[in-house]
Amino acid sequence: LRKNKVQVFAPTREQAKIEWSKAYAMRIAEKYEIPGAPAFDVIESVKELEKLGAFSRKFGTSFVVKADGLMGGKGVFVGGDHFHNLKDARKITRQLLERGPVVLQEKLEGVEFSGHYIAGGGVFFTCPYSQDHKRAFEGDKGPNTGGMGSYSDESHSLPFLSQKDLSQARKIAEAVFEAVKKETGSGYTGVLYPAFMKTSAGIKWLELNCRFGDPEVVNILPILNDDFAEVAYAAATRKLKRISELEFRGVATVVRYGAPKGYPEKPSSGDLIKINEKEIKKVGRVYYGDARLEKEEAGVKTIKTMESRTFAIFAEGKNLVVAKQKAGNAFKSHVEGEYHSRGDIPDFNRIKRLKRHFGIK
């Protein structure tokens, strides 16, 4: 596209390898000393399976086995959850090796959150930080999903993060941009989305993505004051530096997904759900996912569930309490039918525990 003079708001294929090859991302991190990277090793073939034993001797079962390439969120296996001994870890690794290299990473202990950065022309801006909830059920229980919802607060930080944490996260992003530039010979353009973890030893990162996160993008773009198309064009044409800073409204946001009953393991497809968009638009927005439109009249849509997440409701408020209430009321009053959703996004009791644990007032 660029050879044909088409402006692109995205990294090149070579730069995007930080997402589609976890081994590449870890090796780049090691080569250019990107801070916050977990300890790792890479197994390229069955002949190198002895590396698994060495890793296990160092970390016990406190490590993660990952497919090198993209597997739709189904290529990550965590010690203590998916395997409990070296024998099981070896079996998983052998299966993954049939598709390509396997990455071993130390298992980090802490709380995950998401950062998003928009870059172009040698500069980058920070978007509001957010926290995804991947587990299917309330209390962060059940299998992992594509994301049942997310939130960000009015400060564009998160309640359990300090200014030092935010500074460390940004330094990691800056180091990634610099490493990619050195490795590929050109500056990064587009979105960088690291999956961060706050640990007792500071901010670490689990993986690097070169796109917006789902559902976190819904927390970010609706409160952007700037015209996103203009921002993307400025980044693509290396003129982002002309923008002094991205402006986001100072509100809290909550996103909740509605998914088929039984999602993600045995989703019930074909169920009908009525969504009163007209009323929901008074307090937020509706976004559709894996759904089929059956009927629409007087601002009410009737949709049919498929196999993945069906719809998301976005709500904003002066603080998280108000945003959560608005999202909850939208589900309770303006959505009818059989679906599954988590009502504990965000979980204020968990936030209080995290703040106490990390000494945040």
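Structure first, text after, so check above.
Residues numbered from 1 in each chain as written. Predicted model: local features only at pLDDT ≥ 70, side-chain atom pairs only at ≥ 80, totals over all residues. Heavy atoms only, no water.

### Details of the overall build of the protein
Reasoning step 1: Of the regular secondary structure elements, the protein holds 10 helices and 20 strands.
Reasoning step 2: Its C-alpha atoms give the protein a radius of gyration of 21 Å, within 12% of the compact-globule value 21 Å for 361 residues.
Reasoning step 3: Viewed in the frame of its principal axes, the protein has a C-alpha envelope of about 65 × 50 × 50 Å.
Reasoning step 4: Within the protein, residue pairs in contact and separated by at least 24 positions form 70% of the contacts whose partners lie at least 6 positions apart.
Reasoning step 5: As displayed, the protein offers around 17800 Å² of accessible surface, 47% of which is attributable to carbon and sulfur atoms.
Reasoning step 6: Across the protein, the 60 positively charged side chains and the 46 negatively charged ones have centroids separated by 1 Å. (Helix = DSSP H or I, 4+ residues; strand = E, 2+ residues; numbered from the N terminus. Rg over C-alpha atoms; globule rule 2.2 N^0.38 Å. Contact = heavy atoms within 4.5 Å. Areas by Shrake-Rupley, 256 points an atom, 1.4 Å probe, with all protein chains shown as cover. Lys, Arg positive; Asp, Glu negative; His and termini not counted. Charge placed at Lys NZ, Arg CZ, Asp CG, Glu CD.)

### Side note on the sheet that holds strand 2 (residues 63–67)
Reasoning step 1: What the 4 strands build is an open sheet, ordered 1-4-2-3; its pairing is antiparallel. In the strand order of this sheet, the two ends are held by strand 1 (40–43) and strand 3 (76–78), each with one partner. Within the sheet, the average angular offset between the axes of one strand and its neighbour, ignoring direction, is 20°.
Reasoning step 2: Both strand 2 and strand 4 (residues 102–106) contribute to a ladder of 5 bridges, which runs antiparallel. Across the sheet, the residue bridging to Val64 is Gln105, located in strand 4.
Reasoning step 3: Running over the sheet, helix 2 (residues 22–31) touches strand 1, strand 2 and strand 4 and is turned about 135° from strand 1.
Reasoning step 4: Across the sheet, helix 4 (residues 86–97) lies against strand 1, strand 2, strand 3 and strand 4, angled at about 20° from strand 2, the strand it touches most. (Pairing = 2+ DSSP bridges. Axes fitted to C-alpha atoms, helices over the stretch in contact; angles between N-to-C directions.)

### Regarding the side chain of Ser341
Reasoning step 1: Tracing the chain through its elements places Ser341 in the loop between strand 20 (335–337) and helix 10 (348–358).
Reasoning step 2: Ser341 gets classed as buried once you look at its relative accessible area, which sits at 16%.
Reasoning step 3: A polar atom in the side chain of Ser341 sits 3.1 Å from the side chain of Arg256.
Reasoning step 4: A distance of 2.9 Å separates a polar side-chain atom of Ser341 from the backbone oxygen of Tyr257.
Reasoning step 5: If we skip the residues at most four places from it in the chain, Ser341 touches Met148, Arg256, Tyr257, Gly258 and Phe331. (Buried < 20%, exposed > 50% of the residue type's maximum accessible area, 1.4 Å probe, protein only. Polar contact = N/O pair within 3.5 Å; in protein donor to acceptor, adjacent residues only side chain to side chain.)

### Observations concerning the environment of Tyr339
Reasoning step 1: In this structure, Tyr339 sits in the loop between strand 20 and helix 10.
Reasoning step 2: On the basis of relative accessibility, which here comes to 17%, the residue Tyr339 falls in the buried class.
Reasoning step 3: The sequence separation of Tyr339 and Asp41 amounts to 298 residues, and the corresponding C-alpha distance is 41 Å.
Reasoning step 4: Setting aside anything within four residues of it in sequence, one finds Tyr339 in contact with Gly258, Ala259, Lys261, Ile273, Phe311 and Phe331.

### Focus on the packing of helix 3 (residues 50–59) against helix 4
Reasoning step 1: Taken N-terminus to C-terminus, the directions of helix 3 and helix 4 make an angle of 140°; their axes are 11 Å apart at the nearest point. Between helix 3 and helix 4, the angle is such that the two are oblique. Viewed along their axes, helix 3 and helix 4 form a crossing whose handedness is right-handed. Contacts between helix 3 and helix 4 involve Leu52, Gly53 and Ser56 from the former and Leu86, Ala89, Arg90 and Thr93 from the latter.
Reasoning step 2: A class-by-class count of the residues in the contact of helix 3 with helix 4 yields 3 nonpolar, 3 polar and 1 charged. (Parallel < 35°, antiparallel > 145°, perpendicular 65-115°, else oblique. Left-handed = near helix turned anticlockwise from the far one by under 90°. Nonpolar A, V, L, I, M, F, W, Y, C, P; charged D, E, K, R; others polar.)

### So, the packing of aromatic side chains
Reasoning step 1: Counting across every chain of the model gives 15 aromatic pairs.
Reasoning step 2: Relative to Phe177, the ring of Phe124 lies with its centre 4.9 Å away and its plane at 45°, an arrangement referred to as tilted. With Phe124 in strand 7 (residues 123–126) and Phe177 in helix 5 (residues 163–184), this pair connects stretches of sequence that are 53 residues apart. In this pair, the class of Phe124 matches that of Phe177, namely buried. (Phe/Tyr/Trp six-rings, centres within 6.5 Å; stacked < 30°, edge-to-face > 60°.)

### A closer look at the environment of Gln325
Reasoning step 1: When you line up the elements, Gln325 lands in helix 9 (residues 320–334).
Reasoning step 2: The class of Gln325 is partly exposed, set by a relative accessible area of 48%.
Reasoning step 3: Distance from Gln325 to Val254, taken between C-alpha atoms, is 9.3 Å for residues 71 residues apart in sequence.

### Topic: helix 4
Reasoning step 1: Counted at 1.5 Å a residue, the expected span for helix 4 with its 12 residues is 16 Å, and the 16 Å between its end C-alpha atoms agrees.
Reasoning step 2: Those residues of helix 4 that fall on the buried side of the exposure criterion are Ala89, Ile92, Thr93, Leu96 and Leu97. Viewed end-on, helix 4 has its buried residues packed into an arc of 135°, placing them on one side of the element. Turned more than 90 degrees off the buried face of helix 4, the exposed positions are Lys87 and Lys91.
Reasoning step 3: Buried residues in helix 4 make contact with strand 1, helix 3, strand 2, strand 3 and strand 4.
Reasoning step 4: Sitting at the amino-terminal end of helix 4 is Asn85, which places a side-chain oxygen 3.2 Å from the backbone nitrogen of Lys87. (Expected span 1.5 Å × (residues − 1). Arc of directions from axis to C-beta.)

Distances and angles like these do not, on their own, reveal function.
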